[in-house]
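# Survey of secondary and tertiary structure
Spelled out from the first residue to the last, the chains are:
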Amino acid sequence: MRSVTYSMGVSLDGYIVGPDGDFDWTAPDEEVFRFVTDEIRDVGVHLMGRRLYETMLYWETADQDPSLDDSELEWAALWKPLPKVVFSTTLSAVQGNARLASGGLAEEIERLRAEPGEGDIAIGGATLAAEAAALGLIDEYRARVHPVLVGGGTPFFPRRERRVDLELVETRTFSSRVVCLRYRVARRTVS
């Protein structure tokens, strides 16, 4: 069964966006960018909310930007054909290899897990990830922890009504002092 992953940059105090809406501190250096590029290779479909979709629209035509370096062109070549599902109540159309979600998040994930296909089901954006987490749909959390305290904003981890046990799968420290933490949700088996 395809795993549902949530991967984003996060401040040490737990925010993906600061109180002023700023996230420039998440701009990756070359080493982290290579890591993120390698991570996207394992994604079969990317689910996102409107704000992330609009932020990532640049990459739909980035291959036409003459200022991009080889690593950015590689990212664009991977991102552009990647199937995307956008959850929005305000958009009536989307561009590129994207479609608007036809149902709720749980139904969409259930359908995608049942379809033949390879690669993870990635979730991007705090609001959508919070909904998936509340429904118990996230299988793996991947936090790229940046050495900065932003003091508030949009949290990486939503407030939860229940405890979720995690198993550490991988850690990696980059020369930029960013630390990647990869945790799998510990699912309890009923005997």
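The sections below set out a description of the structure shown in this document. Computed from a prediction, not measured in an experiment: that's the story for all the values here. (Residues numbered from 1 in each chain as written. Predicted model: local features only at pLDDT ≥ 70, side-chain atom pairs only at ≥ 80, totals over all residues. Heavy atoms only, no water.)

## Overview of the sheet that holds strand β6 (residues 120-124)
Read across the open sheet, the 8 strands follow the order β5-β4-β3-β6-β1-β7-β10-β9; overall the sheet is mixed. Edge positions in the sheet fall to β5 (98-100) and β9 (166-173), since each of these pairs with one other strand and no more. Here the average twist between neighbouring strands, direction ignored, is 20 degrees. In the sheet, β9 pairs with strand β10 (residues 179-185) via 7 bridges, with the strands oriented antiparallel. Within the sheet, the bridge partner assigned to Leu166 lies in β10 and is Val185. The strands that helix α1 (residues 30-40) touches are β1 (4-11), β3 (43-49), β7 (140-146), β9 and β10; relative to β7, the one it contacts most, it runs at about 170 degrees. Strands in contact with helix α6 (residues 126-134) are β1, β3, β4 (84-87), β6 and β7; relative to β6, the strand with the most contacts, it is inclined by about 125 degrees. (Pairing = 2+ DSSP bridges. Helix = DSSP H or I, 4+ residues; strand = E, 2+ residues; numbered from the N terminus. Axes fitted to C-alpha atoms, helices over the stretch in contact; angles between N-to-C directions. Contact = heavy atoms within 4.5 Å.)

## What to know about the pairing of β7
In terms of residue burial, β7 counts as a mostly covered element, since 7 of its 7 residues are buried. Across the two faces of β7 the burial is the same, with Glu140, Arg142, Arg144 and His146 and Tyr141, Ala143 and Val145 all buried. Note: β1 against β7, 7 bridges, orientation parallel. Bridge pairing in β7 places Gly9 opposite Arg144. Looking at chain direction, β7 and β10 are connected through 6 bridges and run antiparallel. Along β10, the bridge assignment pairs Val145 with Val179. (Buried < 20%, exposed > 50% of the residue type's maximum accessible area, 1.4 Å probe, protein only.)

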